[in-house]
Amino acid sequence: MSVAQKPRPEFRNINAFRDLPTYRLPAPGRVSILHRISGALMFVLLPFIIWMFDTSVSSELSFARFTSAFSAGIGFVPGWFVKLVALGLTWAYLHHFIAGVRHVWMDISHDAVTLQRGRPSAMVTLGLSVVLTIVLGLKLFGVY
Amino acid sequence: MAVNYGTRRTVVGAHYGLRDWLSQRITAVLMAVFTVVVLAQLLFSSGPIGYESWAGIFASQWMKVLTFAVIVGLAWHAWVGMRDVLMDYIKPIGLRLVLQVFVIVWLTGCAGWAIQVLWKV
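Residues numbered from 1 in each chain as written. Chains lettered and ligands numbered in written order. Predicted model: local features only at pLDDT ≥ 70, side-chain atom pairs only at ≥ 80, totals over all residues.

Structural notes on the overall build of chain B
Applied cut-off: Under the DSSP-based scheme used, a helix requires at least four consecutive residues in state H or I and a strand at least two consecutive residues in state E, with every element numbered from the N terminus. Computation of the radius of gyration draws on C-alpha atoms, with the globule rule given as 2.2 Å multiplied by the number of residues to the power 0.38. Burial is judged by counting the other C-beta atoms within 10 Å of a residue's own C-beta: 20 or more makes it buried, 12 or fewer makes it exposed, and any count in between marks it as partly exposed, with every C-beta position built from the backbone. Contact between residues is assigned whenever the C-beta positions, reconstructed from backbone atoms, fall within 7 Å.
When helices and strands are counted, chain B shows 4 helices and 0 strands. Along its sequence from the N terminus, chain B presents helices and strands in the succession α-α-α-α. Rg of the C-alpha trace for chain B: 20 Å, well past the compact-globule value of 14 Å for 121 residues, more than 25% over. With the principal axes as the frame, chain B shows a C-alpha extent of 65 × 35 × 20 Å. Looking at chain B as a whole, 16% of its 121 residues qualify as buried. Taking the intrachain contacts of chain B between residues at least 6 apart in sequence as the baseline, contacts between residues at least 24 apart amount to 69%.

Remarks on the overall build of chain A
Broken down by element type, chain A carries 5 helices and 0 strands. The order of α-helices and β-strands along chain A, N terminus first, is α-α-α-α-α. Taken over the C-alpha trace, chain A has a radius of gyration of 21 Å; the compact-globule value for 144 residues is 15 Å, which it surpasses by more than 25%. By its C-alpha atoms, chain A is 75 × 35 × 30 Å across when sized along the principal axes. Burial status across chain A gives 17% buried among its 144 residues. Put simply, of all contacts in chain A between residues at least 6 apart along the chain, 63% involve residues at least 24 apart.

Describing the nonpolar core
The cut-off we apply is this: By convention the nonpolar core is taken to be a set of buried residues drawn from Ala, Val, Leu, Ile, Met, Phe, Trp, Tyr and Cys and joined through C-beta atoms within 7 Å.
B:Ile71, B:Leu74, B:Ala75, B:Ala78 and B:Ala114 are the most contacted members of the largest nonpolar core, which totals 17 residues. When residues of this core are traced back to their parent elements, those giving at least two are helix H2 (46–57) of chain A together with helix H1 (16–43), helix H3 (61–89) and helix H4 (93–118) of chain B. The greatest single-element share of this core, amounting to 7 residues, is contributed by H3(B). Every residue in contact with B:Ala114, bar those within four places of it in the chain, is listed here: A:Ile50, A:Phe53 and B:Ile71.

Overview of the interface of chain B and chain A
Our working definition: Any residue that is not Ala, Val, Leu, Ile, Met, Phe, Trp, Tyr, Cys, Pro, Asp, Glu, Lys or Arg is counted as polar, Gly included; the first ten are nonpolar and the last four charged.
Chain B puts 18 residues into the contact, and the matching count from chain A is 18 residues. When contributions to the side of chain B that touches chain A are tallied by element, the ones reaching two or more residues are H1, helix H2 (51–57), H3 and H4 of chain B. For the side of chain B that touches chain A, a count of residues per class yields 14 nonpolar, 2 polar and 2 charged.

Let's talk about the packing of H2(A) against H4(B)
The cut-off we apply is this: Axes here refer to lines fitted to C-alpha atoms; in helices the fit is confined to the stretch in contact. Angles between the N-to-C directions go from 0 to 180 degrees. Any angle that falls under 35 degrees is termed roughly parallel, while one over 145 is termed roughly antiparallel, one within 65 to 115 roughly perpendicular, and all others oblique.
H4(B) packs onto H2(A) with a crossing angle of 10° between their chain directions and a minimal axis gap of 10 Å. With respect to each other, H2(A) and H4(B) are oriented roughly parallel. Of the residues in H4(B), those in contact with A:Leu46, A:Pro47, A:Ile50, A:Phe53, A:Asp54 and A:Val57 of H2(A) are B:Cys110, B:Trp113, B:Ala114 and B:Val117. Grouping the amino acids of the contact of H2(A) with H4(B) by side-chain chemistry returns 9 nonpolar, no polar and 1 charged.

Remarks on helix H4 (residues 79–108) of chain A
Short version of the rule: For a helix, the expected span equals 1.5 Å multiplied by the number of residues minus one.
Relative to the 44 Å expected for 30 residues at 1.5 Å per residue, H4(A) spans 43 Å between its end C-alpha atoms, a close match to the ideal helical length. Among the residues of H4(A), A:Val82, A:Ala92, A:Tyr93, A:His95, A:His96, A:Ile98, A:Ala99, A:Gly100 and A:Arg102 are the ones counted as buried. The elements touched by buried residues of H4(A) are helix H1 (27–44), helix H3 (60–71) and helix H5 (115–140) of chain A together with H1 of chain B.

Examining the packing of H4(A) against H1(B)
Stated formally: Handedness of each helix crossing follows the sense of rotation of the near helix against the far helix: counterclockwise by less than a right angle gives left-handed, clockwise gives right-handed.
Two elements in contact, H4(A) and H1(B), have axes whose closest approach is 11 Å; the angle formed by their N-to-C orientations is 130°. Taken together, the axes of H4(A) and H1(B) are oblique relative to one another. By crossing handedness, the relation of H4(A) to H1(B) is classed as left-handed. Together, A:Phe97, A:Gly100, A:Val104 and A:Asp107 of H4(A) and B:Arg25, B:Ala28, B:Ala32 and B:Thr35 of H1(B) make up the contact between the two elements.

Observations regarding H2(A)
With 12 residues, H2(A) extends 17 Å between its outermost C-alpha atoms, agreeing within 8% with the 16 Å of an ideal straight helix rising 1.5 Å per residue. Taken as a whole, H2(A) has its buried residues at A:Leu46, A:Ile50, A:Thr55 and A:Val57. At its buried positions, H2(A) is contacted by H1 and H3 of chain A together with H2 and H4 of chain B.

Structural notes on the environment of A:Arg117
Residue and element names in this part refer to chain A. Of note, Arg117 is situated in helix H5. Its 16 C-beta neighbours within 10 Å are what place Arg117 among the partly exposed residues. Arg117 sits 11 residues away from Met106 along the chain, and the two C-alpha atoms are 9.8 Å apart. Leaving out residues up to four positions away in the same chain, Arg117 has contacts with Asp111 and Ala112.

Notes on the confidence of the model for chain B
Rules: Each residue carries a pLDDT score, the predictor's confidence in it, ranging from 0 to 100.
On average, residues of chain B carry a pLDDT of 91, and 92% of them reach 70 or more. The ipTM value of the predicted complex is 0.87, and its pTM value is 0.88.

Shown next as structure tokens:
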């Protein structure tokens, strides 16, 4: 053993710009922070969500305004941007939903909290939410 | 009321943590059930989804009751979550209080708006 071992990196008082880009977060950690980010995103966009609910259910006329917001845009906001925000919300909801089901499963089952189960279930959460977002996103942008 | 003094006093807090944890889980399950109920009605409706079929979902009284519970549950759920986030990342106590007040006002206002919309259908 003559090869000098590389010292293990130490993280104290994590600096978001200096340390986070090089910090290797395991899959369950990614699910956890994305659960928070997706939740915060939906919290911030709550007025937009309720606006969509409002215009889509209030009347035939407002429903037409709702659909045209996605195709022709609304005010100074172009339609593609409305779709993009809706796509972001779609991902946020799917991730938050699936990660939430995983969370409740972990509350019920001790088995689910083990490293052997936690890693694959985290991968499924990350993958499934992205796949479903892509499937719904292709529909949103009129590919099929 | 639990004994809060003497040798038999509760020493492990006021169980706020358990209450928040449990209410967040219960509201989460409620919202998940709501999602499935709405999706099922969309999937089993015939033809393309227009105004009539979409607004019709929220027209029945039982759906209004369920949606109302979901709106209240969502505000409660988001409050517990945002409070957790603020407690973790915002350390200055004054700023944290201001942001917590903002979260409460934001959620109450949004819930009121959503409930108003619900009864327009």
